[in-house]
Amino acid sequence: MSGASHLRVDARHIRVGGIVQGVGFRPFVWRLAHELELCGWVRNDSAGVEITAEGPAARLEELVARIASDAPPLARIDSITAREVCPAGHAGFAIAASVASRCATAIGPDTATCPACLAELFDPRNRRWRHAFVTCTHCGPRYTIATGLPYDRSRTSMAPFAMCADCAREYQDPADRRFHAEPIACPNCGPRLRFLGRDGVDTGGGPGADPIAQTLQRLRAGEIVAIKGLGGYHLACDARNPRAVAALRERKAREAKPFALMVANRASLGGIARADAAAGRDLESAERPIVLLPKDPAAEATLAGIADGLDHVGVMLPTTPIHWLLFHEAAGRPPGTAWLAAPSREVWVMTSANPGGEPLVTGDEEALRRLGGIADAYLQHDRAIAVRCDDSVRVGGDAPRFLRRARGYTPQAIRLPAAGPPVLAFGAGMKSTVCVTRGDEAFLSQHVGDLDDAATVAFLEECAQHLCALLEVEPQRIAHDLHPDFPSTRLAWRFAAERGASTVAVAHHHAHVAAVAAEHRRTGPLLGLALDGVGLGPDGEAWGGELLEVTGTTCRRLGHLATLPLPGGDRAAREPWRVAAGALHRLGRGAEIPMRFARQSAARGVVELLERDLRCPATSSAGRWFDAAAALLGVAETARYEAEPAMRLEALARRHGAVPAAASWRIDPCGRLDLLPLLETLADWRGTPEHGAALFHATLAAALCALALDAAAAHHRDAIALCGGCLCNGLLRDALSTGLSAAGMQVLHAQRAPPNDGAISLGQAWVALATGRN
């Protein structure tokens, strides 16, 4: 402070909360303090970042202002407080050692390799040339290597790797962008790649063999390679090789569900997909999600077996240095970064290594055991994955939205409208997540999956324990679905009993609407259209097409879709023709069922079930109305993966273009919306499937708008949440938004969480927080 020694010295104690650890925040403050000629110190603690600064009052005010305005790119500031204190006479400005105490901060998510690191990665003169673990405070792994807070190297999976002298010098230099970059490493001291053959033996490949070159060679030869990533393994193959794609489908037992692709850059999307400016920003963002893009017509032939019958395809850009090195190898190892913008012919399937729908493979020995019948080779490394975390999936375009929230976004907090006691919510039975609240923040876990097996249930428990431990939260309330037989419900009961916590049961569709309310910080009454496949209603029936009014812990059903019978019960969700048969029976046309669905051996038996009303539970599910329409139009009689009929129907409707809605519905005085007249029209349809699909979408949206607007007028409401898995359908989402907005309604969508069951735990947590306040 030599240049300002004649000025009065004041002092401030400053606290910064949010994502401020592991993102270069302390060196950022250090540089600011030196620029402003201030004295004092900055350090991490479990509340975030703590600063003591001494100097002229005007410069202290500037320090606080610039902390807020100029924070590092990966930081997220939630709070800054500054109070006057007595100067202590500090000499210079230092970065002090971290203090561990009860946690009140957050760790950042994993992010893609930054431009500065890429420049080093491809500079033959740089000591990190082609180093597969290059990183700095602006990029790289965070959440998936963290074992605790404060976020220091000793609490990450980099702890076993002792820094060499060069890395230690960078790590300790506040002027270096790797100052306290906890994953810092170089070829001399960092993790190592290794390439293993099918039998798990290191092939060596001869002196100087490069695992990256060996991997590319195998991919180009049509083989399947398991590649270790940030939060787990991927299974990769050449997407342009139909034999390789078919082999991956057969070995992974993934008959038709779409695969995600990886390309080098936006310039490489030609003949694959189209990305507008908004989708391009998502693709190139630091979070690097898989982005669903409109498929190029040529892709149906050139990328056979990737996303057949659909009009969108999931695409991601390189996330880690390993991915970049594979594309660099394919380009012939050019020096510099000019090649990064050039089109590449390489297009790889990059799908989660989760055989049988079980949790993502993370361990090296686990990979050899669980992927042994799938992978031809393995690209591994010796940095452990501390936290399993799958890829995030988003829909691109002007209104980007999540389908799956995980890597790149977890564990970013969602700010709530009010604080309360800590809550742990366990979600539902499909697309499961857990949610932990701390104060006025909700921390939604990464995608866990469907709780169909013991391993996934164990992963759900692991996520709950990890989040609570990481945030140092001891839940006082534990929320769960109303369904008593969900594994998540039973797990919640056990957690509560072990901890002496109270439990809060939340109906499925109540939680859907509450999740959107939580995101938008709404505490007053809110209408909600919750449209999905199924969820247990408070009356014990299967709901799924609901118009609700939600206020915290209270939920009123104002209307719903008419029910359809499900002959054979849950089997009907996998065999849409059964739902269509139920609709025909309701229309008095049951005699048509055996002829219309002649390919189905159980058709005559289904007629008998319907006539005798045996094993034909009814549901108001919107998803089942999609299934009935798809089967009646001949689009899909069976579903090879969840929501396939609806996805194919949406693709056909989009291909046809907009059509006027038909006046083919009835709303009774109890708010029951009956679309059987629409299904009868489709049963007699003589036009193209594309036209029929477009008519179904337009009429369904118009009917739901009419239902919602009637209720809004009757109950004097002007805002509505749109939620549930059916809102993943962009055509339905846009049509509802347009129709309701045009009538003056404020339409709220899921933004920081998915509209599907991935947000159920967030809604449950918000309802549990409201318990006692209503």
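Everything quoted here is computed from the prediction, not taken from an experiment.

Rules behind the numbers
- Residues numbered from 1 in each chain as written.
- Predicted model: local features only at pLDDT ≥ 70, side-chain atom pairs only at ≥ 80, totals over all residues.
- Heavy atoms only, no water.
- Helix = DSSP H or I, 4+ residues; strand = E, 2+ residues; numbered from the N terminus.
- Rg over C-alpha atoms; globule rule 2.2 N^0.38 Å.
- Buried < 20%, exposed > 50% of the residue type's maximum accessible area, 1.4 Å probe, protein only.
- Phe/Tyr/Trp six-rings, centres within 6.5 Å; stacked < 30°, edge-to-face > 60°.
- Lys NZ or Arg CZ within 6 Å of the ring centre and 35° of its normal.
- Pairing = 2+ DSSP bridges.
- Axes fitted to C-alpha atoms, helices over the stretch in contact; angles between N-to-C directions.
- Parallel < 35°, antiparallel > 145°, perpendicular 65-115°, else oblique.
- Left-handed = near helix turned anticlockwise from the far one by under 90°.
- Contact = heavy atoms within 4.5 Å.
- Salt bridge = Lys/Arg side-chain N within 4 Å of Asp/Glu carboxyl O.
- Right-handed = clockwise from strand over helix to strand, strands pointing away.
- Polar contact = N/O pair within 3.5 Å; in protein donor to acceptor, adjacent residues only side chain to side chain.
- Expected span 1.5 Å × (residues − 1).
- 1 Å grid on protein atoms, 1.4 Å probe; cavity = no way out; pocket = protein on both sides within 12 Å on 5 of 7 lines; lining within 4 Å.
- Points joined across faces, edges and corners; volume = space filled by probe spheres on them.
- Nonpolar A, V, L, I, M, F, W, Y, C, P; charged D, E, K, R; others polar.
- Disulfide = S-S within 2.5 Å.

A. Molecular detail of the overall build of the protein. Helix and strand counts for the protein stand at 23 helices and 30 strands. What you see for the protein is a C-alpha radius of gyration of 28 Å, in line with the 28 Å of a compact globule of 774 residues. The principal-axis extents of the C-alpha atoms in the protein amount to approximately 95 × 65 × 50 Å. The buried share of the protein, reckoned over its 774 residues, is 60%.

B. Looking closely at the packing of aromatic side chains. What the rule picks out here adds up to eight aromatic pairs. When the centroid spacing of 5.1 Å and the interplanar angle of 75° are considered together, the rings of F626 and F696 count as edge-to-face. Of this pair, F626 sits in helix 18 (residues 622-632) while F696 sits in helix 21 (residues 689-715), placing them 70 residues apart in sequence. A relative accessible area of 2% places F626 in the buried class. By relative accessible area, which is 0% here, F696 ends up buried. Of the aromatic side chains, those joined through ring pairs into one cluster are F122, W324 and W339. In this structure, R249 packs its charged tip against the face of F259, placed 4.2 Å from the ring centre.

C. Seen up close, the sheet that holds strand 18 (residues 423-425). If you trace the five strands from one edge of the open sheet to the other, you get 17-19-18-20-21, paired in mixed fashion. Looking at strand neighbours, the two that pair on one side only are strand 17 (413-420) and strand 21 (502-506), the edges of this open sheet. Sheet twist, expressed as the mean angle between neighbouring strand axes with direction ignored, is 30°. Two strands pair when backbone bridges link them, and strand 18 and strand 19 (residues 435-444) are joined in this way by two bridges, in the antiparallel orientation. In the sheet register, A425 faces strand 19, and the bridge partner there is C435.

D. Seen up close, the packing of helix 18 against helix 20 (residues 676-683). One way to put it is that helix 18 packs onto helix 20 with a least axis distance of 9 Å and a crossing angle of 20°. In this view, helix 18 runs roughly parallel relative to helix 20, as classed from their interaxial angle. Crossing geometry of helix 18 relative to helix 20 is assigned as right-handed. Across from W625, A628, A629 and L632 in helix 18, the residues of helix 20 making contact are L676, L679, L682 and A683.

E. Examining the pairing of strand 16 (residues 401-404) more closely. Pairing of strand 15 (residues 393-395) with strand 16 involves three bridges; the strand directions are antiparallel. Looking at the pairing, V393 lines up with R404 of strand 16.

F. Quick look at the pattern of salt bridges. Inspection of the entire model under this criterion finds 65 salt bridges. Each of R76, D78, R415, R438, D440 and E441 takes part in salt bridges that share partners, so that together they form one network.

G. Just the pairing of strand 21, in detail. One ladder, built from five bridges, connects strand 20 (residues 477-481) with strand 21; its direction is parallel. Residue pairing for strand 21: H480 is matched across the bridge by A505. With helix 12 (residues 487-499) bridging strand 20 and its parallel neighbour strand 21, the resulting β-α-β unit is right-handed.

H. Structural context of the side chain of D210. Structurally, D210 can be placed in the loop between strand 7 (193-197) and helix 5 (211-220). A distance of 2.9 Å separates the side chain of D210 from the backbone nitrogen of I212, its partner in a polar contact. Within the structure, the side chain of D210 is placed 2.6 Å from the side chain of R333, a separation counted as a polar contact.

I. Helix 13 (residues 508-519), seen in detail. In a regular helix each residue adds 1.5 Å, so 12 residues correspond to 16 Å; helix 13 covers 17 Å between its end C-alpha atoms and thus fits that length. Of the residues flanking the end of helix 13, it is R521, one or two places downstream, whose phi is positive at about 55°.

J. Quick peek at empty space enclosed by the protein. Within this structure, the stated rule accounts for eight cavities of 30 Å³ or more. What the largest cavity holds in volume is close to 130 Å³. In this structure, the largest cavity is lined by 16 residues; those nearest its centre are A132, L230, T320, P321 and R383. Of the residues assigned to the lining of the largest cavity, the class counts are seven nonpolar, seven polar and two charged. Roughly 90 Å³ of volume is contained in the second largest cavity. In this structure, the second largest cavity is lined by 15 residues; those nearest its centre are L230, G231, H234, D391 and R407. Split by residue class, the lining of the second largest cavity holds five nonpolar, seven polar and three charged.

K. Highlighting unusual backbone geometry. Cis geometry is found at the peptide bond from T410 to P411, where omega equals 10°. Along the chain, P411 falls in the loop between strand 16 and strand 17. Of note in the backbone geometry, R615 takes a positive phi value of approximately 50° without being a glycine. Its place among the elements puts R615 in the loop between helix 17 (603-612) and strand 26 (618-619). Exposure remark for R615: the relative accessible area of 59% places this residue in the exposed category. Even without a glycine there, the phi angle at H716 is positive, about 55°. With respect to the helices and strands, the residue H716 is situated in the loop between helix 21 and strand 29 (719-723). A relative accessible area of 70% places H716 in the exposed class.

L. Representation of the state of the cysteines within the structure. One pass over the structure, following the stated rule, counts zero disulfides. The thiol sulfur of C39 is not disulfide-bonded, and the nearest other cysteine sulfur, from C86, lies at 16 Å. Among the residues examined, C39 registers a relative accessible area of 7% and is labelled buried.

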